[in-house]
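# A structural walkthrough
Single-letter residue listing:
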Number of protein chains: 2
Amino acid sequence: MSEQLINTVENGTVTSARGFTAGSTYAGLKTYGQDKLDLGILASDKPSAVAGVFTRSKIVSSTVTLTRQRVQSGRAQAVIVNSGCANACVGPQGMVDAMEMASLAADKLGMAQESVLVASTGVIGVEIPMSLIRPAIDKIEMSPDGGHSFAGAIMTTDTHPKEVAVSFEIDGKRCTLGAAAKGVGMIHPDMATMLCFVGTDAAVEPGFLQSTLGAAADSSFNMLTIDGDTSTNDLLVVLANGDAGNKPIRAETPEAELFQQALSDVCQTLARMIARDGEGATKLIDVTVEGAASAQDARKVARTVVSSPLVKTAVHGADPNWGRLMMAIGRSGAEVQEDMLALYLNGICMFDAGAPIPFHKDLAVLSMKESDVKIIVRLGLGEHSATAWGCDLTEEYVRFNSEYTT
Amino acid sequence: MSEQLINTVENGTVTSARGFTAGSTYAGLKTYGQDKLDLGILASDKPSAVAGVFTRSKIVSSTVTLTRQRVQSGRAQAVIVNSGCANACVGPQGMVDAMEMASLAADKLGMAQESVLVASTGVIGVEIPMSLIRPAIDKIEMSPDGGHSFAGAIMTTDTHPKEVAVSFEIDGKRCTLGAAAKGVGMIHPDMATMLCFVGTDAAVEPGFLQSTLGAAADSSFNMLTIDGDTSTNDLLVVLANGDAGNKPIRAETPEAELFQQALSDVCQTLARMIARDGEGATKLIDVTVEGAASAQDARKVARTVVSSPLVKTAVHGADPNWGRLMMAIGRSGAEVQEDMLALYLNGICMFDAGAPIPFHKDLAVLSMKESDVKIIVRLGLGEHSATAWGCDLTEEYVRFNSEYTT
């Protein structure tokens, strides 16, 4: 975490903030995975401010359609999520099932149907087996300690759950912000790139909650790419129940800045966890672009480099083939001048001021065998910077995705 | 070839048209490949009309800079090409070497230096070893039968040469158009995606030659993707020497239409050859989009589907996982309505009017084990269509590109 005012909560989960409970069970939708949990609920003890960021795909799951509608009211209290089936591309039955899932969760929790959000992840084009969902919902036991179990239930091909919580002080009140995310494939910049749920006990004014969530997504999940593909189901939702007792946080105040920082830290931490757990990945790639003429240019270059298959395979092979970085930078669409450019790979300068720098190749290869590869691109054209995260492209990714349904 | 007026020339090469000679040799630049030819020259017997399409990357080889300049005059007579070294990202020495290559070829051929174009392909960031190039140029024997040897010399990781020629009649004169191309990686839509050289004995008005070349590239190489990456060195050049004796072809005439068709046919044939020979590829993927609201939408959807890693891996695994097609269509940015959409995979309808169609899965799997996989997307929103070509993503691609320089 980048700010001393923001502390990481040990063993933090999505229920670390006051007033949140969660639980999960195995309904039988998921035929793979270690934990075999596939249905989870996250709930707040009272109606909460809510904000959401959704996939920009034109073909979306009914769960995205429904949750997007319900988030517009600015208030929600719970989310029900399943893994194993995306409830996408199944015709009108999709919305019928999404609404029934919300309705069943609302009955169980004793809250208004409209205050329950729905999310799904898994195979596209298959109707969700409601005959399995209905009895399973009853089996879910809600608990303040249920965060970890919830994080397990939203996983698909993830190899481990992704969760984090931080705390910070607002108005002399200790606030906590916890989150759980999933996602390892079909992940790409500029989309709300996976499922992520955030619960905080801070009181936050709903308009600010939405804008701060968008900003946090832009500097985290929207700078993340695994394979360039984007799901029909991605969403990021935050519930803020106000249990900390602070005055609601409004935009353009010191408290807003602190909250924004905490939310961005949490989202960036989860984005890095997701990149590192990319399908088949063995390495995290971190690309930082400095000196861009505009913020947009910085983002373009960082995202193009981190998503280039030739860069990803070079990193996989621990090959300091910096020509591939130049290729990706050149095709990014950003303003670039070859003679102003400098390239660093794991701190080793390979290109500067329009010319290659002779570098110790064995040393570079050795450094690239570590699990983190850091690329810095200095464009020398301005003051803007950006960081993007991704992973290497491996034979295992290809094998895995060639054998997914058959 | 799609028009009966246009006939394929048996064993056609880039020198099939009258007045063209070519030759090649091994200079020692290329340390891989079967044929070990790495330096070639293509020449016309007289100054010719010339047109070119170039990479849109902001970081380009000096050979692209120089050839782009020289093509602007509308006249050229020869091209010298090497494989094994890209002459890119090497500072000012790049232009010095590119100009010397052109100059040496001009001296050998006895023509003006400005009328010789240069192209390079290979590793980025290494100076081209002119000490090897200089003596090798003398060894090249130019011949009307040298087309096949030229096609071999421009290959890098290609497994076989790519060449084709067609003939057609204009003004009662038989015209021939021959071409050679290379490219198997770093290939993506919207760029002049590889090296391609076209020689024709038709007389063509230079302004029309440039516009018709742009149109041919848009329906062929710009609809081709191997890995989404784009080279610093890509170019497509056509020389038209007029040896057929026809009146120069001008825009908006029946002759122009025939020539456009012949050039597009040749470029599409080469584009398919390149897709099929994609690094590590085992299958050609052909995506046709029909019923789009605009030509741009049709192109967007076709190119997004054919370049999706998840579609490419599904095709590799002969997996009729049409949800991945929906995912790619949805994120393409084109206007799309789920309930108007129909999907066909190798002729089998999998989705229609907003709902999945139960299909014989074993049959679909079997058909996907063939070397050609054809995907048709009907958007149902308009009259526009487009076709894009690509290949499957394999473990071999990853292995190959993880081990390229080290």
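Let me begin by describing the structure that accompanies this report. (Residues numbered from 1 in each chain as written. Chains lettered and ligands numbered in written order. Predicted model: local features only at pLDDT ≥ 70, side-chain atom pairs only at ≥ 80, totals over all residues. Heavy atoms only, no water.)

## Topic: the sheet that holds strand 14 (residues 372-378) of chain B
Residues and elements named next belong to chain B. A sheet is described by the order of its strands in space; here 6 strands give the open sequence 13-12-11-14-10-15, paired in mixed fashion. At either margin of the open sheet sits one strand with a lone partner, and together these are strand 13 (355-356) and strand 15 (384-391). In the packing of helix 6 (residues 254-276) onto the sheet, contacts are made with strand 10 (284-292), strand 14 and strand 15, and the angle to strand 15 comes to roughly 40 degrees. Against the sheet, helix 7 (residues 295-307) engages strand 10, strand 14 and strand 15, with an angle of about 20 degrees to strand 15. (Pairing = 2+ DSSP bridges. Helix = DSSP H or I, 4+ residues; strand = E, 2+ residues; numbered from the N terminus. Contact = heavy atoms within 4.5 Å. Axes fitted to C-alpha atoms, helices over the stretch in contact; angles between N-to-C directions.)

## Topic: the packing of helix 8 (residues 309-316) of chain B against helix 9 (residues 323-330) of chain B
Residue and element names in this part refer to chain B. Direction vectors running N to C along helix 8 and helix 9 enclose 155 degrees, while the axes themselves pass 9 Å from each other. Classified by the angle between their axes, helix 8 and helix 9 sit roughly antiparallel to one another. Like other packed secondary-structure pairs, helix 8 and helix 9 cross with a definite hand, here left-handed. Counted together, Leu 310, Val 311, Thr 313 and Ala 314 of helix 8 and Arg 324, Leu 325, Met 327 and Ala 328 of helix 9 form the full contact between these two elements. Along the lines of polarity and charge, the residues of the contact of helix 8 with helix 9 split into 6 nonpolar, 1 polar and 1 charged. (Parallel < 35°, antiparallel > 145°, perpendicular 65-115°, else oblique. Left-handed = near helix turned anticlockwise from the far one by under 90°. Nonpolar A, V, L, I, M, F, W, Y, C, P; charged D, E, K, R; others polar.)

## Re the pairing of strand 6 (residues 162-170) of chain A
For a regular strand, side chains alternate in direction, first toward one face of the sheet and then toward the other. Residues and elements named next belong to chain A. Burial runs high along strand 6: 8 of the 9 residues are buried. Summarising the sheet, strand 1 (residues 7-8) and strand 6 pair through 2 bridges and their orientation is antiparallel. Paired with Asn 7 across the two strands is Ser 167, which belongs to strand 6. The sheet contact formed by strand 6 and strand 7 (residues 173-182) spans 9 bridges and is antiparallel. Each bridged residue has a counterpart across the sheet, and for Phe 168 the counterpart in strand 7 is Cys 175. (Buried < 20%, exposed > 50% of the residue type's maximum accessible area, 1.4 Å probe, protein only.)

## Notes on the relation of the copies chain A and chain B
Look at the two chain copies: a rotation about an axis and a shift along it is all it takes to match them. Rotating chain A by 180 degrees about the axis while translating it 0.0 Å along that axis superimposes it on chain B, leaving an RMSD of 0.0 Å. One copy is carried onto the other by what is essentially a two-fold rotation axis. Within chain A, Glu 395 of chain A has its C-alpha nearest the rotation axis, a separation of 2.2 Å. When the interface residues of chain A are mapped onto chain B, 100% of them again fall at the interface, so both copies present the same face. (Least-squares fit on C-alpha atoms with pLDDT ≥ 70 in both.)

In short, geometric facts, not functional conclusions.
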